[in-house]
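Descriptive structure summary
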Amino acid sequence: MSTGTLIDLHVHTTISSGCSVLDPGDLIEAARRSRLDAVCVTDHYFIEGANVTQRLGRARGFPVFRGVEARTDLGDMLVFGYYQDIPEGVSFQDLCWYVHEVGGLVFAAHPFHTHGGPSLTLSFQHRGLDLAEDWDRLPVLQELDGVETLNGQVSEEANRQARVLARRLGVPGIGASDAHAADMVGSAATRFPRPIRSEAELVAALRNGDYSPVRLSG
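Read on for an overview of the structure. (Residues numbered from 1 in each chain as written. Predicted model: local features only at pLDDT ≥ 70, side-chain atom pairs only at ≥ 80, totals over all residues. Heavy atoms only, no water.)

If you tally the helices and strands in the protein chain, you get 7 helices and 9 strands. Across its three principal directions, the C-alpha atoms of the protein chain cover 50 × 30 × 30 Å. Looking at the protein chain as a whole, 56% of its 218 residues qualify as buried. Here the contacts in the protein chain between residues at least 6 apart in sequence split such that 69% fall between residues at least 24 apart. (Helix = DSSP H or I, 4+ residues; strand = E, 2+ residues; numbered from the N terminus. Buried < 20%, exposed > 50% of the residue type's maximum accessible area, 1.4 Å probe, protein only. Contact = heavy atoms within 4.5 Å.)

Quick look at the structure:
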């Protein structure tokens, strides 16, 4: 690493995400090919995939951080700084309480994603609301620490709407590939201006908001 750090903050492995075909070893090699400085494994519900990949990363000399993609009543959320399994269907409000209690962070994953899994916009539609217009109708969204404003697997329009939502909520935006296969790794990432050497430093940097989402390929 040099003066900054380029991290893909949303990737899935075969260990804990049944929808992924990316095993930990292939993830690390794909990250190196993509010239990433680190990845954060965010498997669905379970921390084990992140634990396994982190151990392998240490053995191979490549930084791997841990997170979880939680599935809540308001859609999928990326959780950082909370290193436990998260039951499927947890309420968004409860998730934020648990995570914030230990100093962690909650970011809305692909909030305007409409195919392939739950999202914030779909949860609004189920309530007869339009996220783009009615975002302030659910005050609990103020508990969000940030928004994934650049997801490598969704449309540019969905990412544009996510950027608008982040601005309205007054929270920072991250970029990530949401990779489920090797050729997806590093399609988008987050660039931090300073080195990130530990999970504590990652959480502190995410809280600080001094970073930018970047499109690397695709």
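As a further point, take the packing of helix α1 (residues 24–33) against helix α2 (residues 48–60). α2 packs onto α1 with a crossing angle of 55° between their chain directions and a minimal axis gap of 9 Å. Here α2 runs oblique to α1, going by the angle between their axes. Classified by chirality, the crossing of α2 by α1 is right-handed. Here P24, G25, L27, I28, E29 and R32 of α1 lie close against α2, whose contacting residues are V52, T53, L56, G57 and R60. When the residues that make up the contact of α1 with α2 are grouped by side-chain class, the tally is 5 nonpolar, 3 polar and 3 charged. (Axes fitted to C-alpha atoms, helices over the stretch in contact; angles between N-to-C directions. Parallel < 35°, antiparallel > 145°, perpendicular 65-115°, else oblique. Left-handed = near helix turned anticlockwise from the far one by under 90°. Nonpolar A, V, L, I, M, F, W, Y, C, P; charged D, E, K, R; others polar.)

Taken as a whole and judged by the stated rule, the model has 11 salt bridges. Between E29 and R32 there is a salt bridge; the shortest N-O distance is 3.5 Å. Pair noted here: E29 and R32 are both in helix α1, with a separation of 3 residues, about one helical turn. Classification of E29 by relative accessible area gives partly exposed; the value is 31%. (Salt bridge = Lys/Arg side-chain N within 4 Å of Asp/Glu carboxyl O.)

This paragraph deals with the side chain of S177. Relative to the helices and strands, S177 resides in the loop between β7 (173–176) and β8 (188–192). A distance of 2.5 Å separates polar atoms of two side chains, one belonging to S177 and the other to D8. Ignoring sequence-local partners within four residues, the contact set of S177 consists of D8, H10, V11, N151, G152, Q153, M184, V185, G186, S187 and A188. (Polar contact = N/O pair within 3.5 Å; in protein donor to acceptor, adjacent residues only side chain to side chain.)

Here the focus is the nonpolar core. By size, the foremost hydrophobic cluster in this structure holds 48 residues, and its most contacted members are M77 and L95. It is helix α6 (residues 156–169) that contributes the most residues to this core, 5 residues altogether. By size, the runner-up hydrophobic cluster in this structure holds 19 residues, among which are C40, L78, A176 and F192. (Core = buried A, V, L, I, M, F, W, Y, C linked by side-chain atoms within 4.5 Å.)

This part covers the pairing of strand β4 (residues 75–80). The buried fraction of β4 amounts to 6 of the 6 residues, a majority that puts the element mostly inside the structure. In this sheet, β4 lies alongside strand β3 (residues 64–72) in antiparallel orientation, the contact comprising 6 bridges. Paired with E69 across the bridge in β4 is L78. Counted between consecutive antiparallel strands, the loop separating β3 from β4 contains 2 residues. Here β4 runs beside strand β5 (residues 105–108); their pairing, made up of 4 bridges, is antiparallel. Residue F80 lies in a different strand from β5, and its bridge partner there is L105. (Pairing = 2+ DSSP bridges.)

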